[in-house]
Amino acid sequence: MAQIPNLEHAPLNLKSIREKSQRELENLLKDVKDIHGNRCLVIDPKLSGSLSLIIQTSKLKELGLELRHLSEEPVQTECTKLIYLVRSQLSFMKFIASHIQNDISKAIQRDYYVYFVPRRSVACEKILEQEKVHSLVTVKEFPLYMVPLDEDVISFELELSEKDSLVDGDVSSLWHVAKAIHELEFSFGVISKVRAKGKASVRVADILNRMQVEEPVNSNDVGRPEVDTLILLDREVDMVTPMCSQLTYEGLLDEFLHISNGAVEVDTSVMDIQPEGRKMKVPLNSSDKLFKETRDLNFEVVVQVLRQKATTMKEDYTEINSTQTVSELKDFVKKLNSLPEITRHIHLAQHLTTFTSKQSFLSQLDMEQTLVEAESYDICFEYIEEMIHKQEPLTNVLRLLVLFSVTNSGLPKKQFDYIRMELLHSYGFEHVVTLNNLEKAGLLKKQEFKSNWLTVKRTLKLIVEETDMSRADDIAYVYSGYAPLSIRLIQQAIHSGWRPIEDILKLLPGPHLETKRSGFPSSPSVDSLHGASNGIADGRRSIVLVVFIGGVTFAEISALRYLASKEGMAYDVIIATTKIVNGSTLIETFMEKLG
């Protein structure tokens, strides 16, 4: 199955966005002409994952390109033209400069091209100048501001945006987010209603307005706007949700196997494929019908669904002997076509249960629930202390500690100093930078005032008792009883705007705004979407674009899909994010890699 997702049924024409990026890349590469076809494309490793969702590797090879990953080592190739496709990262400039200097020392003559993604950087070009190679390089840009991950999910591929903003004070990623949204407006029309919560979100809304003034979208060119409302939300507003363990199928796959660019990498033994001991990639997107059916379900239910499908298939096998007609045979063969999908997900689900059945995971879930319900912080503190003494993975410890700090508005000073020293003694004093980063970001801090988490939790009904996983009637099913704060806020923004919950919004980090961008035509108000017949006159549903600045989890995506699928909801939701995250990957962005 192809890793590139099928976008045929996307509420917005995301396929056109992907095809535009593909054409731009092909044209850039074709600009580097060589009659002998001696061209080598050297790709930043992280970027190669994003590109795999835009263009097939085989297509790049058809263009006559050799492919290499960028590293410190010189590029081994006979090609006379080297094309570097890289993000604006200073370390990459050092690599490129050393490659060129190595060629010069060996009297190798080549032409060099550096294509920055999505835009060139003065600081990066300064390094090339300092290394005395800038004059030997042709510099251009490949404006890849977004990558469609699936029919309803877009990534801006900004994995460090949260750390950059909260710790380093670098807000350049916010311009990138606004630029990506503005690019969508050039394709689908200006979005008339904007709701934002959080410092970064309010700033993006402001940049977006300025972009529209400086580089206006012509409504005559794009016709009636397809996206009615933009909801911008800072990750900082809700740090509780990502620190909790996701309990949907896709969420758990990400927690334990880490979904990267729409695929997981597992050992061949997991999929019962010979020879064992090798790694293989398993694509996960809506092109896989069974995955599309099960990804947003609570994992408990997924196991039941797979068991039922396997049982039905077994019954069909036993009935094959009594098959009389060609038509019956044809029906049976049609059912067999789904067998590889069923087998694939049975293997993956079986592998997941080796993690979810462990006592350590079950105990962690208990602690998370205790913290979210604000029941007994003493028990949780003792549990975290025990984790440190057992030297459990540092990300797991920090994840629970951040959840403790966020729900309790920090740790009492005595406990803060004690746990900090215990962490450094147990895991090494080199982690002092990581702890400082978390403190600077406000995720792990000393308690200065009483927590307002109880008020937020109670007012927004974040804890839902007796959640039936098989017949979910609330978004809380994605965390088995906890309704993500972020999604409750979005639910409110869609149904009746921010005004009814202004008192609660003031208890959460950052400012909020609710505005109608004047002079832009729009489809009927999203305020009246709930229960409306159809949002747009031609029969299409209204579209709400939800943008998470700082990352979104797969469980939150599942909760939004659940909301959009409810009967009487006359809108579709497109989710855009700086990056897909979970608690561990988010914590890791704050961890300094030393040496």
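Report follows, based on the coordinates. (Residues numbered from 1 in each chain as written. Predicted model: local features only at pLDDT ≥ 70, side-chain atom pairs only at ≥ 80, totals over all residues. Heavy atoms only, no water.)

Overview of the environment of Ser 286
Basically, it comes down to this: In this text, helices come from DSSP runs of H or I with a minimum length of four residues, and strands from runs of E with a minimum of two, each type numbered from the N-terminal end. Working definition: with a 1.4 Å probe on protein chains only, accessible area under 20% of the residue-type maximum means buried, over 50% means exposed, and in between means partly exposed.
Positionally, Ser 286 belongs in the loop between β11 (279–283) and α12 (289–294). For Ser 286, a relative accessible area of 7% corresponds to the buried category. Counting along the chain gives 281 residues from Ser 286 to Pro 5, while the straight-line C-alpha distance between them is 6.8 Å.

Quick notes on the nonpolar core
Note the cut-off: By convention a nonpolar core is built from buried Ala, Val, Leu, Ile, Met, Phe, Trp, Tyr and Cys residues, the set being connected through side-chain atoms within 4.5 Å. Whether two residues are in contact is decided by their heavy atoms: any pair within 4.5 Å suffices.
Counting residues in each nonpolar core, the largest one holds 133 residues, and the members touching the most others are Leu 348 and Leu 489. Apart from residues no more than four positions distant in its own chain, Leu 348 is found in contact with Tyr 249, Leu 253, Leu 257, Val 264, Val 266, Met 271, Val 282 and Leu 284. With 35 residues, the next largest nonpolar core counts Leu 174, Ala 200, Leu 208 and Ile 574 among its residues.

Thoughts on the packing of helix α11 (residues 249–257) against helix α15 (residues 339–356)
As a reminder, the rule being used: To define axes, lines are fitted to C-alpha atoms, for helices over the stretch in contact only, and angles between the resulting N-to-C directions are given on a 0 to 180 degree scale. Note on convention: near helix rotated counterclockwise from far helix by under a right angle means a left-handed crossing. Clockwise means right-handed. Nonpolar residues are Ala, Val, Leu, Ile, Met, Phe, Trp, Tyr, Cys and Pro. Charged residues are Asp, Glu, Lys and Arg, and all others, Gly as well, are polar.
Where α11 contacts α15, the two axes come as close as 10 Å, and the packing angle between them is 65°. Considering only the axes of α11 and α15, their crossing is left-handed. Only His 345, Leu 348, Ala 349, His 351, Leu 352, Phe 355 and Thr 356 of α15 make contact with α11, whose side of the interface consists of Tyr 249, Leu 252, Leu 253, Phe 256 and Leu 257. Of the residues assigned to the contact of α11 with α15, the class counts are 9 nonpolar, 3 polar and no charged.

So, the sheet that holds strand β4 (residues 111–117)
Condition: For two strands to pair, DSSP has to find at least two bridges joining them.
The strand order β2-β1-β3-β4-β5 describes an open sheet built from 5 strands, whose pairing is parallel. Only two strands of the sheet have a single partner each, and these edge strands are β2 (65–69) and β5 (137–141). Across the sheet, the mean angle from the axis of one strand to that of its neighbour is 20°, orientation sign disregarded. The pairing of strand β1 (residues 39–43) with strand β3 (residues 81–87) spans 5 bridges and is classified as parallel. The residue of β3 that forms the bridge with Leu 41 is Ile 83. Of the strands in this sheet, β3, β4 and β5 touch helix α4 (residues 90–105), which is tilted by about 165° from β3.

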